[in-house]
Amino acid sequence: MAKPDPWRPVAGEFALRLLTLTWEAVHHIGEAEFREQDAERRTILFRIDHSVTRVRRLAENLRVLTGEPLDDPDRQITSLHDVAHAAGAAVEHYERLHFGPMVDLAVAAVAADDVIRILTELIDNADRYSPPTEPVTIAAHLTGDGDVVIRVEDNGIGLNPAHVPWLERLLAGPDGPDAAELRPAHLGLTVAAVLTHRHRSLRVRLVPRQPRGTVAMLLIGADLLCETPQPAPEPKPAPTPNHQNDVTMVLPVQTRPAPMPRRVPASVRGTTPPPPPVTTQVHRTAWHDDAADFNAGVDAARARALQKQKDPDDRLPQP
């Protein structure tokens, strides 16, 4: 029986202290940004804020890799649009990101933060391993089974064929990543693999992109999806009574202070969001095959659209 690594809880504790300091720094920087009037200095403060956000992400990843709990104090249903943008905001060159079509659905509160973290690592890989002049595209598509596939496309150097077997074991292994196979250069994908295995219906796969680059695909099962929360309608102001001709004295109305706003998840199905359904359904086909078929379908659709742009006369009825 292998002895437990004594340094794992130590590293987890250091990560927790780093998280505390980064949250404190973000609070102070936010106050400075709010008070600063000079546009150039506000830009510098924003860059510092963004750097601290990336440090916080690394500290969260260290907690994940050490097996220490990473509790999110404010879990909530999050739309796929917000999931994609939150993930993109935590990478270095966020200005290169291009957001394509996003299906109008949301991720259940139990998985939303983990999905954001997984997607962040996939976007970060695409950002770091592609030319600085090339965009990184993120889009979310609904499948015929009611699942959602988020695709992250880049025009980078592509996958090293020698690393593909390791990547397949890392991302698709039934027990998650093996500690003996961890590679420091691919810690982001290891974090994605650990978080993926927390949820039964999350899958990640990397496939080559034609003519160059990589497509990272994140499958979110239907059991982790729900309708996008709708904002509550603003209450109409009550009409002011006219007491000009009243004989009796009108006493002042004692009002209680308004409660502090709370970020409460909402659903169009009712006032209380239902818990995510428990499902035992598994995909009959391998995620490896499903991802390849889906990717081929997207490429075929793009090829047809490009052909129509080149030959617009083909769309006209033949005499």
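- Under an unreviewed UniProt entry, the protein has the name histidine kinase and belongs to Actinoplanes ianthinogenes.
- Under Catalytic activity (unreviewed entry), UniProt gives the following word-for-word description of the protein: "ATP + protein L-histidine = ADP + protein N-phospho-L-histidine."

**A word on helix α2 (residues 39-65)**
In step 1: In this model, α2 (27 residues) spans 39 Å end to end at C-alpha, consistent with the 39 Å of a helix rising 1.5 Å per residue.
In step 2: Along α2, the residues that are buried comprise L45, D49, H50, V52, T53, R56, R57, A59, E60, N61, R63 and V64.
In step 3: Where α2 is buried, its residues contact α1 (7-35), α4 (109-128) and α6 (187-196).
In step 4: Where α2 begins, one side-chain oxygen reaches toward the backbone nitrogen of E40, 3.2 Å away; that side chain belongs to D38.

**A short note on the confidence of the model for the protein**
In step 1: With 76% of its residues at a pLDDT of 70 or more, the protein has an overall mean of 79.
In step 2: Overall, residues 246-285 carries pLDDT values under 50, and its contacts beyond four positions in sequence, including any with other chains, amount to 32 contacts.

**Details of the packing of helix α3 (residues 80-88) against α4**
In step 1: One way to put it is that α3 packs onto α4 with a least axis distance of 8 Å and a crossing angle of 50°. By the angle between their axes, α3 is oblique relative to α4. Handedness of the crossing formed by α3 with α4: right-handed. Touching V83, A84, A86, A87 and G88 of α3 are V115, I116, L119, T120 and I123, all from α4.
In step 2: For the contact of α3 with α4, the class distribution of residues is eight nonpolar, two polar and no charged.

**As for the pattern of salt bridges**
In step 1: Overall, the coordinates contain 14 salt bridges when judged by the stated rule.
In step 2: Between E13 and R17 there is a salt bridge, with its nearest N and O atoms 3.3 Å apart. Highlighted residues: E13 and R17, both in helix α1, separated by four residues, approximately one helical turn.
In step 3: On the accessibility criterion, E13 (35% relative accessible area) is partly exposed.
In step 4: Across the pair R57 and D124 runs a salt bridge whose closest N-O atoms are separated by 3.2 Å. Here the residue R57 occupies a position in helix α2, and D124 occupies one in helix α4, the gap between them amounting to 67 residues.

**Focus on the sheet that holds strand β3 (residues 106-107)**
Hydrogen bonds along the backbone pair up the strands of a sheet, which may run parallel or antiparallel.
In step 1: Strand order across the open sheet formed by three strands is β1-β3-β8, with antiparallel pairing between neighbours. Every other strand in the sheet has two partners, leaving β1 (78-79) and β8 (225-226) as the edge strands with one partner each.
In step 2: Judged from the two bridges that link them, β3 and β8 form a sheet pairing that is antiparallel. Looking across to β8, one finds that V107 is bridged to L225.

Rules used throughout
Residues numbered from 1 in each chain as written. Predicted model: local features only at pLDDT ≥ 70, side-chain atom pairs only at ≥ 80, totals over all residues. Heavy atoms only, no water. UniProt positions renumbered as here; feature names shortened; annotations may be inferred. Helix = DSSP H or I, 4+ residues; strand = E, 2+ residues; numbered from the N terminus. Expected span 1.5 Å × (residues − 1). Buried < 20%, exposed > 50% of the residue type's maximum accessible area, 1.4 Å probe, protein only. Contact = heavy atoms within 4.5 Å. Polar contact = N/O pair within 3.5 Å; in protein donor to acceptor, adjacent residues only side chain to side chain. pLDDT = per-residue confidence, 0-100. Axes fitted to C-alpha atoms, helices over the stretch in contact; angles between N-to-C directions. Parallel < 35°, antiparallel > 145°, perpendicular 65-115°, else oblique. Left-handed = near helix turned anticlockwise from the far one by under 90°. Nonpolar A, V, L, I, M, F, W, Y, C, P; charged D, E, K, R; others polar. Salt bridge = Lys/Arg side-chain N within 4 Å of Asp/Glu carboxyl O. Pairing = 2+ DSSP bridges.

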